[in-house]
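Results of the structural survey
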Amino acid sequence: VHFGMAGVWAVFDPRKEEVPGTTDTTRLCLEHAESGMVSHLSAMTVQLGDEDFYRAKRAGLGHDPLRDDADPDHLFERVSGSSKSIGALLMDQSYFCGPGNIYRAEILFKAGLHPNTPGREVGRARFDLVWGHTVDLLRRGFQTGSILTVDP
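These lines cover the structure that appears in this document, whether it is placed above or below. No experiment lies behind these values; they were computed from the predicted model shown.

**Describing a nonpolar patch on the surface**
- On the surface, a nonpolar cluster with roughly 360 Å² of combined accessible area is contributed by W9, V11, L28 and L30.
- Put simply, the parts of the chain that give the nonpolar patch at least two residues each are β1 (8-12) and β2 (28-31).
- Mapped onto the secondary structure, L30 falls in strand β2.
- Accessibility expressed as a relative area gives 41% for L30, which makes it partly exposed.

**Some points on the packing of aromatic side chains**
- Within this structure, the stated rule accounts for three aromatic pairs.
- Geometrically, the ring pair formed by F76 and F127 is tilted, given 5.3 Å between the ring centres and 55° between the ring planes. Highlighted residues: F76 in helix α2 (residues 72-80) and F127 in helix α5 (residues 124-144), separated in sequence by 51 residues.
- Exposure remark for F76: the relative accessible area of 17% places this residue in the buried category.
- Classification of F127 as buried rests on a relative accessible area of 0%.

**A closer look at the packing of helix α4 (residues 101-111) against α5**
- In contact at an axis separation of 9 Å, α4 and α5 are set at 135° when each is read in the N-to-C sense. One element, α4, and the other, α5, form an angle in the oblique class. Our pair here, α4 against α5, has a crossing hand that is right-handed. Along the contact surface, α4 presents Y103, E106, I107, L108, K110 and A111, while α5 presents R126, L129, V130, H133, T134, L137, L138 and G141.
- When its residues are assigned to classes, the contact of α4 with α5 shows eight nonpolar, three polar and three charged.

**Notes on the environment of L108**
- Within the secondary structure, L108 is located in helix α4.
- Residue classification places L108 among the buried residues on the basis of a relative accessible area of 2%.
- Considering only alpha carbons, one finds L108 and D50, 58 residues apart in sequence, at a separation of 37 Å.
- Residues within four places of L108 in sequence aside, it is in contact with I86, G87, L90, L113, P115 and V130.

**Things to note about the environment of W9**
- Tracing the sequence through the fold places W9 in strand β1.
- Distance from W9 to I102, taken between C-alpha atoms, is 20 Å for residues 93 residues apart in sequence.
- In this structure the side chain of W9 is engaged in a polar contact, spanning 2.5 Å, whose partner is the side chain of S39.

**Notes on α2**
- What α2 keeps buried is the set L75, F76 and V79. Viewed along the axis of α2, the buried residues span an arc of 105°, placing them on a single side of the element.

**Overview of the packing of α2 against α5**
- The N-to-C vectors of α2 and α5 enclose an angle of 120°; their axes lie 11 Å apart at closest approach. Between α2 and α5, the angle is such that the two are oblique. Like other packed secondary-structure pairs, α2 and α5 cross with a definite hand, here right-handed. Residues P72, D73, L75, F76 and V79 of α2 form the contact with α5, whose own contacting residues are R124, F127 and W131.
- The residue makeup of the contact of α2 with α5, split by class, is six nonpolar, no polar and two charged.

Conventions adopted
- Residues numbered from 1 in each chain as written.
- Predicted model: local features only at pLDDT ≥ 70, side-chain atom pairs only at ≥ 80, totals over all residues.
- Heavy atoms only, no water.
- Patch = residues over 30% accessible without salt bridge, like charges linked within 9 Å, V, L, I, M, F, W, Y side chains within 5 Å.
- Areas by Shrake-Rupley, 256 points an atom, 1.4 Å probe, with all protein chains shown as cover.
- Salt bridge = Lys/Arg side-chain N within 4 Å of Asp/Glu carboxyl O.
- Helix = DSSP H or I, 4+ residues; strand = E, 2+ residues; numbered from the N terminus.
- Buried < 20%, exposed > 50% of the residue type's maximum accessible area, 1.4 Å probe, protein only.
- Phe/Tyr/Trp six-rings, centres within 6.5 Å; stacked < 30°, edge-to-face > 60°.
- Axes fitted to C-alpha atoms, helices over the stretch in contact; angles between N-to-C directions.
- Parallel < 35°, antiparallel > 145°, perpendicular 65-115°, else oblique.
- Left-handed = near helix turned anticlockwise from the far one by under 90°.
- Contact = heavy atoms within 4.5 Å.
- Nonpolar A, V, L, I, M, F, W, Y, C, P; charged D, E, K, R; others polar.
- Polar contact = N/O pair within 3.5 Å; in protein donor to acceptor, adjacent residues only side chain to side chain.
- Arc of directions from axis to C-beta.

Okay, here's the thing in structure tokens:
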């Protein structure tokens, strides 16, 4: 599932609220037979696949700042060996899984890094700032359901 800027995965409990109808952008509607819970998925891309499809897609993704099994040490090794800019690396889902352009800009601003700085020139201390801001901002976005880059 690729949500893009406007994608939504909404869940409704008909015992507590009225379930809205689907719209032109609804890509998937699920209804639980026993509980009656309804889920609407609106996303840019939805592709159905089996377990092998999932494993292949997951293998191509980089380190996810929201997952406990992310390995920032391994990611630093990859970043520090790259001639790509840190701005491009933040957007490359095979390195950092999750950030888009808005997060890229804010992460680099908070870390004091120019987006054109080659990954091999970032250094460990600055990389740790990038990783920390990435974790903080994506976690805040996940918890609030919104891209919030302004500190409270």
